[in-house]
Amino acid sequence: MKCPIEELELASQQVGRNNLDFHITYENEDEMGRLCKEFERMRGQLAENNQQLWKMLEEEKALRAAIAHDIRSPLSVLEGYQEMLSEYLPKKR
């Protein structure tokens, strides 16, 4: 009982530190083994969810950059037209 409990305790501390890069190695077929297997499954799912979240954040960042570029481009063109018009149109007196 001591070995799986210690392993689960260390694993829960790692999860608490947001470190999901570990594996639970206790693999007996008793009740503690099933508990360790389920904890390992939970750890794996958390790691996968974190990866998906990171990927979504990166995609959102890329989308925002693309939108910002698309907005800046027409504004730059309009600014150029405004400068050209103010320079070459006759001034009213």
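None of the values given here were measured: they were computed from a predicted structure.

## A word on the pattern of salt bridges
Then, in step 1: Under the defined criterion, the tally for this structure stands at five salt bridges.
Then, in step 2: A salt bridge links R41 to E38; the nearest nitrogen and oxygen atoms lie 2.9 Å apart. Of this pair, R41 and E38 both sit in helix α2 (residues 31-88), separated by three residues, roughly a single helical turn.
Then, in step 3: Taking relative accessible area as the criterion, R41 reaches 53% and is therefore assigned exposed.

## With respect to the packing of aromatic side chains
Then, in step 1: For the coordinates displayed, the defined rule picks out zero aromatic pairs.
Then, in step 2: Sitting over the ring of F22, R43 keeps its end group 5.7 Å from the ring centre.

## Section: the nonpolar core
Then, in step 1: Membership of the largest hydrophobic core is limited to eight residues, which are L8, A11, F22, I24, Y26, M32, C36 and F39.
Then, in step 2: Contributions of two or more residues to this core are made by α1 (2-16) and α2.
Then, in step 3: It is α2 that provides the largest number of residues to this core, a total of three residues.
Then, in step 4: Non-local contacts of A11, meaning those with residues more than four positions away in its chain, are made with F22, I24 and F39.

## As for the packing of α1 against α2
Working note: a packed helix pair is described by the angle between its axes plus the distance between those axes.
Then, in step 1: Between α1 and α2, the least distance of the axes is 10 Å, while the angle of their chain directions is 15 degrees. In terms of orientation, α1 and α2 fall into the roughly parallel class. The way α1 lies across α2 gives a crossing that is left-handed. Contacts between α1 and α2 involve P4, I5, L8, A11, S12 and V15 from the first element and M32, L35, C36, F39 and L46 from the second.
Then, in step 2: Of the residues assigned to the contact of α1 with α2, the class counts are ten nonpolar, one polar and no charged.

## Focus on the side chain of R43
Then, in step 1: Mapped onto the elements, R43 comes out in helix α2.
Then, in step 2: Not counting chain neighbours up to four residues away, the residues in contact with R43 comprise L20, F22 and H23.

## Some thoughts on a nonpolar patch on the surface
Then, in step 1: On the surface, L63, I67, I71, L75, V77, L78, Y81, M84, L85, Y88 and L89 cluster together into a nonpolar patch covering about 1,100 Å² of accessible area.
Then, in step 2: For I67, a relative accessible area of 43% puts it in the partly exposed group.

Rules of the game
- Residues numbered from 1 in each chain as written.
- Predicted model: local features only at pLDDT ≥ 70, side-chain atom pairs only at ≥ 80, totals over all residues.
- Heavy atoms only, no water.
- Salt bridge = Lys/Arg side-chain N within 4 Å of Asp/Glu carboxyl O.
- Helix = DSSP H or I, 4+ residues; strand = E, 2+ residues; numbered from the N terminus.
- Buried < 20%, exposed > 50% of the residue type's maximum accessible area, 1.4 Å probe, protein only.
- Phe/Tyr/Trp six-rings, centres within 6.5 Å; stacked < 30°, edge-to-face > 60°.
- Lys NZ or Arg CZ within 6 Å of the ring centre and 35° of its normal.
- Core = buried A, V, L, I, M, F, W, Y, C linked by side-chain atoms within 4.5 Å.
- Contact = heavy atoms within 4.5 Å.
- Axes fitted to C-alpha atoms, helices over the stretch in contact; angles between N-to-C directions.
- Parallel < 35°, antiparallel > 145°, perpendicular 65-115°, else oblique.
- Left-handed = near helix turned anticlockwise from the far one by under 90°.
- Nonpolar A, V, L, I, M, F, W, Y, C, P; charged D, E, K, R; others polar.
- Patch = residues over 30% accessible without salt bridge, like charges linked within 9 Å, V, L, I, M, F, W, Y side chains within 5 Å.
- Areas by Shrake-Rupley, 256 points an atom, 1.4 Å probe, with all protein chains shown as cover.

Everything listed here is a matter of coordinates, which is why it stays silent on function.
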